[in-house]
Amino acid sequence: MASDTVVQYVLKVDAKGAQKGLDGTAKEADQLSKSLDKAGNESKGLNKDLKNTEKTSKSASKGMKGLGIGVAAAAAAMAAAATGVIKLTQHFADLTNELVDASTKTGIAVETLAGLRLAAEGSGRSFGSLEGGLIKFQSSMDSANKGTKLTADAFKDLGVDVANADGSLRSADTVFNESIKALGQLENQTERNATAMLLFGRSGGPALIQSGALENLESMTDLAKEFGVAIDEDAMG
């Protein structure tokens, strides 16, 4: 009997110890669960932060791409503008050279030739089609000054003097402008055409008439000055 009592006592003690052990294990498990939940929450927060960081990174990347496209477009526009300026500058340089060369050949001022060029191109003709007639005009002046009756009478009928009081030839530019103005005032078209052909040649006369210069050379010359087409001859010298 005594041994049974001892056994029962031992079992009770062991049971109490086991219960305490189980209670401790339960507490530890509960603490572990709470720790895991906290870790899970922190992990979720970290995941959100990572996602936000990724979104920010993508937005920044898009912004940089947009900025890159904008810079590239601006650079392209600047390059196109620079090319346009270069071409325009080259065009005016070519035009200047052409007018200076024509002035040297004809004795007519560059600004007058610039107006004549505008008149010609406005009528669909090229300036080159007039150059031969302008060169011929110098010969007509010289012939009239030397007493060739036909050309001398033509200038006389127009009321234009080709020579100064001392017998020297007047400026080709002055005589040209006076002759153009006088031709434009002739009411008889047959007489006007015949005189133009005599002074400027068989092809140069009609080309000059068709250019419209007889009616608007002065206004075309003023227009050329306004838009900077004409050249300051004092600056050239």
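Calculation rules
Residues numbered from 1 in each chain as written. Predicted model: local features only at pLDDT ≥ 70, side-chain atom pairs only at ≥ 80, totals over all residues. Heavy atoms only, no water. Core = buried A, V, L, I, M, F, W, Y, C linked by side-chain atoms within 4.5 Å. Buried < 20%, exposed > 50% of the residue type's maximum accessible area, 1.4 Å probe, protein only. Helix = DSSP H or I, 4+ residues; strand = E, 2+ residues; numbered from the N terminus. Contact = heavy atoms within 4.5 Å. Salt bridge = Lys/Arg side-chain N within 4 Å of Asp/Glu carboxyl O. pLDDT = per-residue confidence, 0-100. Axes fitted to C-alpha atoms, helices over the stretch in contact; angles between N-to-C directions. Parallel < 35°, antiparallel > 145°, perpendicular 65-115°, else oblique. Left-handed = near helix turned anticlockwise from the far one by under 90°. Nonpolar A, V, L, I, M, F, W, Y, C, P; charged D, E, K, R; others polar. Phe/Tyr/Trp six-rings, centres within 6.5 Å; stacked < 30°, edge-to-face > 60°.

## Let's talk about the nonpolar core
And step 1. Core analysis: the largest hydrophobic core is formed by 38 residues, its most contacted members being L116, F137, F155, F176 and F200.
And step 2. Sorting the residues of this core by element identifies α1 (2–106), α2 (110–122), α3 (128–145), α4 (149–158), α5 (172–185), α6 (189–200), α7 (204–210) and α8 (213–226) as the ones contributing at least two each.
And step 3. Setting aside anything within four residues of it in sequence, one finds F155 in contact with F137, S140, M141, A144, V160, V162, V175, S179 and L199.

## As for the pattern of salt bridges
And step 1. What the rule picks out here adds up to eight salt bridges.
And step 2. K146 is the partner of D142 in a salt bridge, and the nearest nitrogen-oxygen pair spans 3.1 Å.
And step 3. By relative accessible area, D142 is classed as partly exposed at 28%.
And step 4. Looking at K146, the relative accessible area reads 65%, which means it is exposed.
And step 5. In this structure, K149 engages D153 in a salt bridge whose closest nitrogen and oxygen atoms are separated by 3.0 Å.

## Focus: the confidence of the model for the protein
Predicted coordinates in regions of low pLDDT should not be interpreted in detail.
And step 1. Looking at the protein, the pLDDT average stands at 73 and 56% of residues meet or exceed 70.
And step 2. pLDDT under 50 marks residues 232–237. Its contacts with residues more than four places away, or in other chains, come to six contacts.

## Here we look at the packing of α5 against α6
And step 1. Between α5 and α6, the shortest axis-to-axis distance is 10 Å and the interhelical angle comes to 160 degrees. With respect to α6, the element α5 is oriented roughly antiparallel. Crossing handedness for the pair α5 and α6: left-handed. Across the interface between the two elements, F176, I180 and L183 from α5 touch R192, T195, A196 and F200 from α6.
And step 2. Classifying every residue of the contact of α5 with α6 gives five nonpolar, one polar and one charged.

## Considering the packing of aromatic side chains
And step 1. Under the definition given, this model contains four aromatic pairs.
And step 2. Both rings, one in F137 and one in F155, keep their centres 5.8 Å apart while their planes meet at 65 degrees; by these two values the pair is edge-to-face. In this pair, F137 sits in helix α3 while F155 sits in helix α4, placing the two residues 18 residues apart along the sequence.
And step 3. With a relative accessible area of 1%, F137 lands in the buried category.
And step 4. An angle of 85 degrees between the planes, with centres 6.0 Å apart, marks the rings of F176 and F200 as edge-to-face. With F176 in helix α5 and F200 in helix α6, this residue pair connects regions lying 24 residues apart in the sequence.
And step 5. In this structure F200 comes out as buried when scored by relative accessible area, which is 2%.

## Observations concerning the side chain of S103
And step 1. For S103, the location among the structural elements is in helix α1.
And step 2. Given a relative accessible area of 15%, S103 falls into the buried group.
And step 3. Discounting chain neighbours no more than four positions away, the residues touching S103 are I108, A109, V110 and L113.

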